[in-house]
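Listed below, chain by chain, are the residues.
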Amino acid sequence: MEIKINIDDIDYEALADRMMPLLISQLSNDREDVATRLMLLSQGFTESAVKMILSKMSKEKKDQLLVRLINKNKPQIMELIGEMALSQGIRLNVNDVEAKI
């Protein structure tokens, strides 16, 4: 069975607060966006620097970053979905998670 979920209107600030270590890692190793990487290197790898960089990113760039984070962390996300379902009394196995724009 395949279920497709489309999301929009993402609260990037709240998401950044919850995923800060992953964001710092992703941004510091981002080979696709050299300007963002240089900003982070010049500001230091702090939460405030990441939030400042995110505030300057376009929605499209934020979406691309989130897609990369989701796809890079598939196993953890699949496990979380399974645990959430089980907490509601539903046993299931998540076979795959894929994010795309």
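Nothing here was measured: the structure is a model prediction, and the numbers come from that model.

## A word on the overall build of the chain
When helices and strands are counted, the chain shows six helices and zero strands. When burial is assessed residue by residue, the chain has 30% of its 101 residues classed as buried. Residue pairs in contact within the chain that sit at least 24 positions apart in sequence constitute 53% of those at least 6 positions apart.

## Quick notes on the packing of helix α2 (residues 20–28) against helix α4 (residues 47–56)
When two helices pack together, their arrangement is given by the angle between their axes and by how far apart the axes lie. One can describe the packing of α2 onto α4 by two numbers: an axis separation of 10 Å at closest approach and a directional angle of 70 degrees. On the basis of the axis angle, α2 is roughly perpendicular to α4. Handedness of the crossing formed by α2 with α4: left-handed. Contacts between α2 and α4 pair Met-20, Leu-23, Ile-24 and Leu-27 from the former with Glu-47, Val-50, Lys-51 and Leu-54 from the latter. Residues of the contact of α2 with α4, tallied by class, amount to six nonpolar, no polar and two charged.

## Considerations on the packing of α2 against helix α5 (residues 59–72)
Viewed as axis vectors pointing N to C, α2 and α5 meet at an angle of 110 degrees, and their least axial separation amounts to 11 Å. Here α5 runs roughly perpendicular to α2, going by the angle between their axes. Counting all contacts with α2, which are made through Leu-22, Leu-23, Ser-25, Gln-26 and Leu-27, the residues of α5 involved are Leu-65, Arg-68, Leu-69 and Lys-72. Its residues assigned to classes, the contact of α2 with α5 shows five nonpolar, two polar and two charged.

## Description of the environment of Glu-47
With respect to the secondary-structure elements, Glu-47 resides in helix α4. Among the residues examined, Glu-47 registers a relative accessible area of 48% and is labelled partly exposed.

## Points about the nonpolar core
Residues Ala-16, Met-19, Met-20, Leu-23, Ile-24, Leu-27, Val-50, Ile-53, Leu-54, Met-57, Leu-65 and Leu-69 constitute the largest nonpolar core, which totals 12 residues. Elements with a minimum of two residues in this core: α2, α4 and α5. The element best represented in this core is α2, accounting for four residues.

The rules we used
Residues numbered from 1 in each chain as written. Predicted model: local features only at pLDDT ≥ 70, side-chain atom pairs only at ≥ 80, totals over all residues. Heavy atoms only, no water. Helix = DSSP H or I, 4+ residues; strand = E, 2+ residues; numbered from the N terminus. Buried < 20%, exposed > 50% of the residue type's maximum accessible area, 1.4 Å probe, protein only. Contact = heavy atoms within 4.5 Å. Axes fitted to C-alpha atoms, helices over the stretch in contact; angles between N-to-C directions. Parallel < 35°, antiparallel > 145°, perpendicular 65-115°, else oblique. Left-handed = near helix turned anticlockwise from the far one by under 90°. Nonpolar A, V, L, I, M, F, W, Y, C, P; charged D, E, K, R; others polar. Core = buried A, V, L, I, M, F, W, Y, C linked by side-chain atoms within 4.5 Å.

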